[in-house]
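Read off the chains here:
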Amino acid sequence: MSTLSSRFRTIFSFGLALSLLIIAPVQAKKSNPQVIEKTSPDLHLKWFDQYKEMQKTSAYKDLQWSHIGPTNISGRCTDIAVLTPRGDTYTIFVATASGGVWKTDNEGTTWEPIFDSHASASIGDIAVSPSNPDIIWIGTGEANIFRSSQLGAGIYKSTNGGKSWDHMGLTDTLTIARIIIHPKDPDTVYVAASGHEWTDNEERGVFKTTDGGQTWNKILYFNARTGTIDLAIHPENPDVLYAAMWQRIRFKWNDPRNFPGYDQSGLFKTTDGGQTWNPINKGLPQADNCGRIGIDICLSRPNVLYALVDNYEIARELTAEERADPYSRNLRAIIKGATVYRSEDDGATWTQTSGLDEQTQQYMMRHSGTYGWVFGQIRVDPNDPETVYIMGVPLSVSNDGGKSFRRLRGMHGDHHGLWIDPENSKYLVNVNDGGIAISYDKGQNWRVFTDNLPVCQFFNVSYDMNTPFYVYGSMQDHGSYRGRVLRSRDGKGFQAVEFENAPGGEGSTHAIDPFNPDIVYSAGFYGHITRANLASGTTKNIYPPQTKDIDILRGQWLAPIVLSPNHPQTVYLGLQYLYRSRFQGDIWERISPDMSYGIKKEIGDIPYQTIFTISESPLDGHLIYVGTDDGKVHLTKNGGETWKEIIEGLPFRKWVSRIAASRYDRGTVYMTQNGKRDDDFAPYIWKSTDFGETWVDISGNMPIGPLNAVIEDPVDQNILYVAADVGVFVTKNCGKTWEVLGGKLPTAYIQDIVIHPRDNILVIATHGRGMWVMDAEPINQKSKLRRFRY
């Protein structure tokens, strides 16, 4: 048992000592070959504090970003906490996957953000003290580890109902699945830490504090790949707790799964407040077939427990038709998947209740899709041990003790949390990928909140040349949408508007013909490109044909689709090869070899080793750069006839998030790289003036990353804009010094940034707070220039 000192800090007060730190921000070494750089948790927090100080002192702190929507779509939420008794209070807290924490005091009529300026906006769990509702704990880092999950920065505590927050340590957990507060002693808290998503680490398992977070004891730990994914406390004896342990890691080329040798997953119980733990797995699948496990206790009969197991036992092999997976994964068999078990003896033994006949087995096998690691929540009606709810793609309920389930309809899919009023089991509060929903009749009808909880998760942004122009983006679990950019009637800002459906799925980039905005190129998943004509309402599949010399085409979830800035009829598509069509996608030519490392053992069920960014020089249509998700960068000067690798001096195998060939100088190119998947939060941004022969680090005083995009200003060649996981940076001297752009932008994951060349408006796509815009005139003073290069 080890003791961890809490890095207790009052984060809303910095003081003179911290302001001195920003004079010389520490930077990670960026050119060590064959070494994957990582950022220590203390350094990560230090960098974030430097960023907040930069934000306060920025020359652009008075410029305001305007939220433009969508006003009709919400986004993924991960947990809820409801104050009781209902009737005396209507306060609800909702934790979001990447948009912070929100609070309502009127049961959802209005919402306000209460966790807007901290080191992570990704929330794994939220808990309110049963003995003092002013005490609230937030565990950062979504534990569902979906493709767009963001990393946490430890645990936070409020003692004034969410008005201010203190950081209470556990910084290196990165994901927190559950927080349990002692029912009578608010200083005693248990935390289930599931650990890093992409790497092994030791700060995972069950942690306990008895002094309000000043110190933590790690009271249940197995190894650096096994964390705790759920935790439940006995309602009558708080020394009794149940923990679900989960051995898992996500690789860049594989979703989490059970690998040979995995033998640590299962359920464990303590009867002495965590001093000792014993396995309680009799009747459950063997550890090597246990994936994620959710657990819950019936409050009125606490000897009755339920477990939802992602069961890896093989149900049957796939048919040829089923192997044609829409997500392009290399699937071979169907596992049993979601399986419900019940214990009536405090966990000593378990009995499978679900899937005992063909019909219910088929229902359960489909319940989590093929994403059992994303879903794992189960809730028992506090007043009826025979009624149990499970969360997966649908929210389902059983009224016969878990033997049969039926789907509850009326809200968005992909469910992550459910609260049942212990005083009135008809009252349910659910969170899912579409936001939050409330039922007053046990799930027969739902009140959904899509117009006042703006936490949708965009992956990217593109624009057209309509007047006024539209912005396009793909959105997690919603598909592709577009919305008009409209100035406010007083001319001082921009309107928040409803967005409408656009061509493409949830994993799509968009390219819009600059001369005909009705022509839109997009994709469904992994680069399966289509061309839509909005005027005629027609869509054509234009995916390149797979030739006999290719085993399989690999495209990233957001495979790049780019139109030539010199000849807009020319389309580029980035897979592991670069494809070009000079005929709007009707005819393709493969103009490159495999641009990635092409390591066979890193070709899995998730496309990896693919092109992620493409840039054709606006000054020369034969000059093309491509960068890959595994850190390769290539250049052609002759339209693809020959290619040259240009990675000398770059960090080893770091994801290339954006390349931008300069519109002002033929030999100049900019590039960002993202180290999130290596637990690396350094800001990687480079400039080359010799076609990538040499790369110069231009991060300057930029304190923190990861970085997602860089663009040139269309007016001033010295101005660059950068989208980062914490905000937006701008430089007016080509990277010698940087400023934070905008003083009141919440901590948000800025996935993409564009500037409209005609209207001179900056647009950012956030993963958790929708889209925002800003007039670029105060920055580049376009109106004062006589000549302007589009």
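Okay, so let's go over this structure.

Parameters and conventions
- Residues numbered from 1 in each chain as written.
- Predicted model: local features only at pLDDT ≥ 70, side-chain atom pairs only at ≥ 80, totals over all residues.
- Heavy atoms only, no water.
- Pairing = 2+ DSSP bridges.
- Helix = DSSP H or I, 4+ residues; strand = E, 2+ residues; numbered from the N terminus.
- Buried < 20%, exposed > 50% of the residue type's maximum accessible area, 1.4 Å probe, protein only.
- Lys, Arg positive; Asp, Glu negative; His and termini not counted.
- Salt bridge = Lys/Arg side-chain N within 4 Å of Asp/Glu carboxyl O.
- Polar contact = N/O pair within 3.5 Å; in protein donor to acceptor, adjacent residues only side chain to side chain.
- Contact = heavy atoms within 4.5 Å.
- Arc of directions from axis to C-beta.
- Core = buried A, V, L, I, M, F, W, Y, C linked by side-chain atoms within 4.5 Å.
- 1 Å grid on protein atoms, 1.4 Å probe; cavity = no way out; pocket = protein on both sides within 12 Å on 5 of 7 lines; lining within 4 Å.
- Points joined across faces, edges and corners; volume = space filled by probe spheres on them.
- Nonpolar A, V, L, I, M, F, W, Y, C, P; charged D, E, K, R; others polar.

Remarks on the sheet that holds strand β44 (residues 611–617)
- Sheet architecture is open: four strands sit in the order β44-β45-β46-β47, paired in antiparallel fashion. Of all the strands in the sheet, the pair left with one neighbour each is β44 and β47 (644–645).
- Pairing geometry for β44 and strand β45 (residues 620–628), over six bridges, is antiparallel. For Ser-615, the partnering residue across the bridge sits in β45 and is Tyr-625.

A word on the side chain of Glu-712
- Inspection of the secondary structure puts Glu-712 in strand β52 (residues 707–712).
- At 4.1 Å, Arg-663 is the nearest oppositely charged side chain to Glu-712, a buried residue that forms no salt bridge.
- Polar side-chain contacts of Glu-712 include one of 2.8 Å to the side chain of Ser-662.
- A polar contact is formed between the side chain of Glu-712 and the backbone nitrogen of Arg-663, at a distance of 2.8 Å.
- Leave out the neighbours within four places in its chain, and Glu-712 touches Ala-661, Ser-662, Arg-663, Tyr-664, Tyr-670, Ile-719, Leu-720 and Ile-755.

So, helix α3 (residues 358–367)
- Along α3, the residues classified as buried are Thr-360, Met-364, Met-365 and His-367. Angular distribution of buried residues about the axis of α3 spans 150 degrees; they occupy a single face of the element. Along α3, exposed side chains directed more than 90 degrees from the buried face belong to Glu-358, Gln-359 and Arg-366.
- Those residues of α3 hidden inside the fold are in contact with β21 (305–317), β22 (333–343), β25 (388–391) and β26 (395–398).
- Where α3 begins, one side-chain oxygen reaches toward the backbone nitrogen of Gln-359, 3.1 Å away; that side chain belongs to Asp-357.
- Note on α3: the residue one or two positions beyond its end, Gly-369, has a positive phi of about 60 degrees.

Focus: the sheet that holds strand β18 (residues 266–270)
- Spatially, β16-β17-β18-β19 is the arrangement adopted by the four strands of the open sheet, whose pairing is antiparallel. A strand with exactly one partner marks an edge of an open sheet, and here the two such strands are β16 (226–233) and β19 (278–279).
- Alignment of strand β17 (residues 241–247) against β18, held across five bridges, turns out to be antiparallel. Paired with Tyr-242 across the two strands is Lys-269, which belongs to β18.

Focus: the nonpolar core
- Tyr-625 and Phe-729 are the most contacted members of the largest nonpolar core, which has 55 residues in total.
- The element contributing the most residues to this core is helix α2 (residues 41–57), with five residues.

As for the layout of surface pockets
- Here the second largest pocket is characterised by a volume of approximately 1,300 Å³.
- Taken together, 39 residues make up the lining of the second largest pocket; nearest its centre are Val-128, Pro-130, Ile-180, Leu-299 and Trp-419.
- When residues of the lining of the second largest pocket are traced back to their parent elements, those giving at least two are β4 (77–82), β8 (123–128), β12 (176–181), β16, β20 (290–297), β24 (378–380) and β28 (415–420).
- Tallied by class, the residues present in the lining of the second largest pocket amount to 27 nonpolar, three polar and nine charged.

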